[in-house]
Amino acid sequence: MEEKKLTYKDAGVDTKEGERAVSLMKEHVKGTFNDSVLTGLGSFGSLVALDVKDMEQPVLVSGTDGVGTKLKIAFMMDRHDTVGIDCVAMCVNDVLCQGAKPLFFLDYIATGRVKAEKIADIVKGIADGCKQSGSALVGGETAEMPDFYGDGEYDMAGFSVGIVDRSRIITGEKIEKGNKIIGIPSSGIHSNGYSLVRKVFFDKMDMSVDDYVDELGQTLGEALLTPTRIYANACGAVLPKFDVKGIIHITGGGFYENIPRIIPEGLAVTVETGTWEVPPIFPYIKKCGNIDRKEMFSTFNMGIGMMMVVDAADADGVLAALEAAGEKASVIGEITEKTGDEDVIIVHEGQVVGA
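Now for a look at the structure at hand. (Residues numbered from 1 in each chain as written. Predicted model: local features only at pLDDT ≥ 70, side-chain atom pairs only at ≥ 80, totals over all residues. Heavy atoms only, no water.)

## Quick look at the pattern of salt bridges
And step 1. Within the structure shown, the criterion is met by 17 salt bridges.
And step 2. Notably, a salt bridge pairs Lys-9 with Asp-14, separated by 3.9 Å at the nearest N-O pair.
And step 3. Relative accessible area serves as the criterion here: at 55%, Lys-9 is assigned to the exposed category.
And step 4. A salt bridge links Glu-342 to Lys-294; the nearest nitrogen and oxygen atoms lie 4.0 Å apart. (Salt bridge = Lys/Arg side-chain N within 4 Å of Asp/Glu carboxyl O. Buried < 20%, exposed > 50% of the residue type's maximum accessible area, 1.4 Å probe, protein only.)

## Focus on the sheet that holds strand β10 (residues 304-310)
And step 1. Here we have 7 strands laid out as an open sheet, ordered β8-β10-β5-β11-β9-β12-β13, and mixed in their pairing. Among the strands making up the open sheet, the edge pair consists of β8 (246-249) and β13 (351-352).
And step 2. Bridge count for strand β12 (residues 344-348) against β13 is 2 bridges, and the pairing is antiparallel. Bridge pairing in β13 links His-348 to Gln-351.
And step 3. Across the sheet, helix α11 (residues 315-324) lies against β5 (180-185), β10 and β11 (330-337), angled at about 10° from β5, the strand it touches most. (Pairing = 2+ DSSP bridges. Helix = DSSP H or I, 4+ residues; strand = E, 2+ residues; numbered from the N terminus. Contact = heavy atoms within 4.5 Å. Axes fitted to C-alpha atoms, helices over the stretch in contact; angles between N-to-C directions.)

## Quick word on the nonpolar core
And step 1. Counting residues in each nonpolar core, the largest one holds 93 residues, and the members touching the most others are Met-156, Phe-201, Leu-224 and Phe-255.
And step 2. Ranked by residues supplied to this core, first place goes to helix α3 (residues 83-96) with 8 residues.
And step 3. Setting aside anything within four residues of it in sequence, one finds Phe-255 in contact with Ile-250, Pro-260, Val-271, Trp-276, Phe-297, Phe-300, Asn-301, Met-302, Ile-304, Met-307, Val-344 and Ile-346.
And step 4. If you look at the next biggest cluster of nonpolar residues, it comprises 7 residues, including Val-37, Leu-103, Val-138 and Val-161. (Core = buried A, V, L, I, M, F, W, Y, C linked by side-chain atoms within 4.5 Å.)

## With respect to the environment of Gln-132
And step 1. Relative to the helices and strands, Gln-132 resides in helix α4 (residues 116-133).
And step 2. Take Gln-132: its relative accessible area is 39%, and that puts it in the partly exposed class.
And step 3. Setting aside chain neighbours within four positions, we find Gln-132 in contact with Ile-85, Ile-230, Ala-232 and Asn-233.

## A look at the packing of α3 against α4
And step 1. One can describe the packing of α3 onto α4 by two numbers: an axis separation of 6 Å at closest approach and a directional angle of 40°. With respect to α4, the axis of α3 lies oblique. For the pair α3 and α4, the sense of crossing is right-handed. On α4, the residues touching Gly-84, Ile-85, Val-88 and Val-92 of α3 are Ile-122, Gly-125, Ile-126, Asp-128, Gly-129, Cys-130, Gln-132 and Ser-133. (Parallel < 35°, antiparallel > 145°, perpendicular 65-115°, else oblique. Left-handed = near helix turned anticlockwise from the far one by under 90°.)

Shown next as structure tokens:
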């Protein structure tokens, strides 16, 4: 009897299913294209024409990131059409901090076994995020890696490229004492701190993603899977009109790690709580986990996804521009002289957090 000839599918890689996934995602991807995209889906490389006629010294700004363990929530809920938005947001929001206009995006998805509909759902979310950010989704890779990922599991990462005129790059070097900090709301946890979130709710509290939580007005899973906000519209409403001295994306490390990244030496930031609305998920995490307030601000965005540093004289104008763009922003703090060891001072009900 002739020995059976092995195929790639016998090894766990189904190229036909991969082709079907590409077919299903094509319409989502095409919806992000603009006149600058010169190649279609499936080319070996992606071509994007640059329009730099209004720039003296165009500079490309790039950023890459992933979604982290928030993906575990998507696995639990078997819902995969929103985490792609998170992937785009984590990359694009970083690029926006340099004052850049997002141009295009590429993704990488790795899974143990390709299921065409699931991959198409993931890419739909990526395409939705690209539309929100004004980016073209020009390419990507889906890697089928049997025995590397568990059944039904996957990981994803993205890569964003934007452009800015060199004279308009935002670095934070112009920040001065007395500048105001404008906070722009987050939609919730965004994509950082989920290892702690999962420990609180699924280990300590033994909860399920299907549990309805009165304080949240929805199931726990729905609250945890809320997509990360993309701040392209907010930046687009402000940057052409005002001299923004610094932009901060509040990601992993919360307030205490992200704010100092752009603050010049000798200066500090004082933030007053109560100047913005905190989404209910954060006090719920704090209560369920018995977590110290400083730890909360060290881990989560606490309801502020992005901050802008502006002259005090510009603050009202920036707030008005953000309001016109649909943002409920507020002045949450100011730049002060550094008098101690702390770069970030958070004042809660008249007391310095952690003092």
